[in-house]
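Residue strings, one per chain:
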Amino acid sequence: MLFSVKNRKVIVTGAGSGIGKAIAKVFAEAGALIAVCDINEDAVQITAKEIEAIGSKAVAYKVDVGDYKEVSQTVEKIVSDFDGIEILVNNAGITRDMLLLRMNEKDFDDVIRINLKGTFNFTRCALKYLLKADFGRIINIASVIGEMGNVGQANYAAAKAGIIGFTKAVAREVASRKITVNAIAPGFIKTPMTDKLPEEIKSQYLKQIPLGREGLPEEVAYLCLFLASEEAGYITGQVIRLDGGMLMG
Ligand SMILES: NC(=O)c1ccc[n+]([C@@H]2O[C@H](COP(=O)([O-])OP(=O)(O)OC[C@H]3O[C@@H](n4cnc5c(N)ncnc54)[C@H](O)[C@@H]3O)[C@@H](O)[C@H]2O)c1
């Protein structure tokens, strides 16, 4: 089968909702074994149950990606439950939008801690196990906002730009071990994160999208599946946009 992840051991963070949930389900349909992680325990249990209904293995873990100690303990538990890890998808993220003049320190720190440090935490703790496996893929969910910036999102743009730099640095560090590290930069994807935006902001976004519609979480998941596959072994350190043409060039 093309683009196979069959029997691969995968961690997906933020798998209780939106893009992370779609990634976990698409990987499960492709036969992968999934450790679904989220701070929202009820939500991630539901994802695991939905995956089991497809007939694949899924185990749910409650973890705050921003807490290094919790992440370290969770990764150790996953390694013991799955006997290793081969693919890591750093997807968990939050927004706390506000114009910079009114943005408080906590909203800046929380967005950096969960989006950027969360990506560091899971990558740092999982990397030695990817190195042990004969195969390794790391896929970080960034955003076009990390490349373009956006009014009211200085914290989020900084975190996502940080993820892009982190992706490139780690890609160079582990390339000799045949582990690839890439980032996906989605544009405007229909999930609970964007559903809560006011209609006026949504219609402003839509005007900037040549394809004229929101993306679907599954469309992010299909790109993620390709990047995680054997066939994508010559792609590393890249930021691949999935944004309906919002940002070109
Ligand atoms: N939706 C979009 O338009 C869009 C665009 C570009 C990038 N992204 C990125 O995609 C990723 C997923 O976004 P989404 O739209 O699916 O959002 P979402 O809000 O639907 O899902 C995010 C998930 O992350 C979990 N989470 C939040 N904080 C956490 C923490 N500290 N530890 C563990 N889990 C935590 C939430 O509980 C939730 O299940 C994020 O990194 C987001 O920045 C989304």
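Conventions and cut-offs
Position numbers for residues count from 1 along each chain, tracking the sequence in the order it is written. Owing to the predicted nature of the model, reporting of local features is limited to residues with pLDDT of at least 70; listing and counting of side-chain atom pairs is limited to 80 or more, with chain, interface and lining totals taken over all residues. To sort residues by burial, count the other C-beta atoms lying within 10 Å of each one's C-beta; a count of 20 or more means buried, 12 or fewer means exposed, and anything in between means partly exposed. C-beta atoms are built from the backbone. Numbering goes from the N terminus for both helices and strands, where a helix is a DSSP run of H or I of at least four residues and a strand is a run of E of at least two. Between any two strands, pairing holds if DSSP finds at least two bridges. Geometry is summarised by axes, namely lines fitted to C-alpha atoms with helices restricted to the contacting stretch, and by angles between N-to-C directions that run from 0 to 180 degrees. Each angle gets one of four labels, with under 35 degrees taken as roughly parallel, over 145 as roughly antiparallel, 65 to 115 as roughly perpendicular, and the rest as oblique. Here a crossing is called left-handed whenever its near helix is offset anticlockwise from the far helix by less than a right angle, and right-handed whenever the offset is clockwise. What counts as a contact is two residues whose backbone-derived C-beta atoms lie within 7 Å of each other. Under the convention adopted here, Pro, Cys and the residues Ala, Val, Leu, Ile, Met, Phe, Trp and Tyr are nonpolar, Asp, Glu, Lys and Arg are charged, and Gly plus all remaining residues are polar. When the strands point away from the viewer, a crossover counts as right-handed if the path from the first strand over the helix to the second runs clockwise. What makes a residue near a molecule or strand is its C-beta atom, placed from the backbone, lying within 6 Å of it.

Caption draft 1: Main features of the pairing of strand S4 (residues 87–90). Here S4 shows a buried face lined by Ile87 and Val89 and a second buried face lined by Leu88 and Asn90. As judged from the 3 bridges shared by strand S1 (residues 9–13) and S4, these two strands associate in the parallel manner. Looking at the pairing, Ile11 lines up with Leu88 of S4. Sheet topology places S4 next to strand S5 (residues 136–141); 4 bridges connect them, and they run parallel. If you follow Ile87 over to S5, its bridge partner there is Arg137.

Caption draft 2: Quick look at the packing of helix H4 (residues 105–132) against helix H6 (residues 154–174). Closest axis-to-axis distance for the H4/H6 pair is 8 Å, and the angle between their directions is 15°. Regarding the angle of H4 to H6, the classification is roughly parallel. You can see that H4 and H6 cross each other, and the crossing is right-handed. Residues Asp107, Phe108, Val111, Ile112, Asn115, Leu116, Thr119, Phe120 and Thr123 of H4 form the contact with H6, whose own contacting residues are Asn155, Tyr156, Ala158, Ala159, Lys160, Gly162, Ile163, Phe166 and Val170. When its residues are assigned to classes, the contact of H4 with H6 shows 11 nonpolar, 5 polar and 2 charged.

Caption draft 3: Examining the pairing of S5 more closely. For S5, a buried count of 6 out of 6 residues is recorded, marking the element as mostly surrounded by other parts of the structure. On the question of chirality, the crossover connecting S4 to the parallel S5 by way of H4 is right-handed. When S5 meets strand S6 (residues 179–186), the two strands line up parallel, connected through 6 bridges. Bridge pairing links Ile141 to Ile184 in S6.

Caption draft 4: The arrangement of the site of the ligand in detail. The full set close to the ligand counts 30 residues, and Gly14, Ser17, Gly18, Gly93 and Thr191 are the nearest of them. Breaking the shell around the ligand down by element, the ones donating at least two residues are helix H1 (18–29), H4 and helix H7 (192–195).

Caption draft 5: Representation of the packing of H1 against helix H2 (residues 41–54). Running from amino to carboxyl end, H1 crosses H2 at an angle of 20°, the nearest separation of the two axes being 10 Å. It follows that H1 is roughly parallel to H2 by the angle criterion. In this structure, H1 crosses over H2, and the sense of that crossing is right-handed. Note on element contacts: H2 touches H1 through Thr47, Glu50, Ile51 and Ile54, opposite Lys21, Ala24, Lys25, Ala28 and Glu29.

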